[in-house]
Amino acid sequence: MFIGMENAVEVKRGKCIYGNSTEYEVKIVRWHILYGTGDYEDPAEIRDDRDVECFYIFYEDLVKKGKFNTGSGGFLSLEEAIVSVETIVDVKWLV
């Protein structure tokens, strides 16, 4: 997970298969900061961090089970995060 997000609340978890043989998990967490790009050339609404409920996606490492070191997000709704996952991988939701 991203540094500082260790206390994020998991709201959805699923299982995926990579290469027809390697199982891994994906999870969606709720967080309170929508991180901005930090790029001074971007508009303020994209550049700056915002204090707002949002959702991030994390994928389990294929080798180090239990380690979620790849992520994407943030999304302003759980539904947006779910759609994003489902367009990238075939997932069977557990929770």
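Now for a description of the structure that goes with this document.

Cut-offs used in this document
- Residue positions are given per chain, counted from 1 along the sequence in the order it is written.
- Whole-chain, interface and lining totals are the exception, using all residues; otherwise, since this is a predicted model, local features are given only for residues with pLDDT of at least 70 and side-chain atom pairs are given and counted only at 80 or more.
- As a rule here, side-chain values cover all heavy atoms of the structure and leave hydrogens and water aside.
- Relative accessibility under 20% of the residue-type maximum defines a buried residue, over 50% an exposed one, and the middle range a partly exposed one, all with a 1.4 Å probe and only protein chains included.
- A run of DSSP states H or I qualifies as a helix once it reaches four residues; a run of E qualifies as a strand once it reaches two. Both are numbered from the N-terminal end.
- Note that the arc is computed from the directions linking the helix axis to the C-beta atoms.
- In what follows, residue pairs with any heavy atoms lying within 4.5 Å of each other are defined as contacts.

### Here's the deal with helix α2 (residues 78-88)
Every buried residue belonging to α2 is among Ala81, Ile82, Ser84 and Val85, and all of these are buried. One face of α2 carries all of its buried residues, which in axial projection span an arc of 160°. Relative to its buried face, α2 has exposed residues pointing more than 90 degrees away, namely Glu79 and Thr87. At its buried positions, α2 is contacted by β1 (9-18), β2 (22-34), β3 (50-60), β4 (68-75) and β5 (91-93).

### Points about the environment of Lys64
Mapping Lys64 onto the fold places it in the loop between β3 and β4. When its relative accessible area of 52% is taken as the criterion, Lys64 is described as exposed. Considering only alpha carbons, one finds Lys64 and Val26, 38 residues apart in sequence, at a separation of 14 Å.

Limitation: the analysis is restricted to geometry and does not speak to function.
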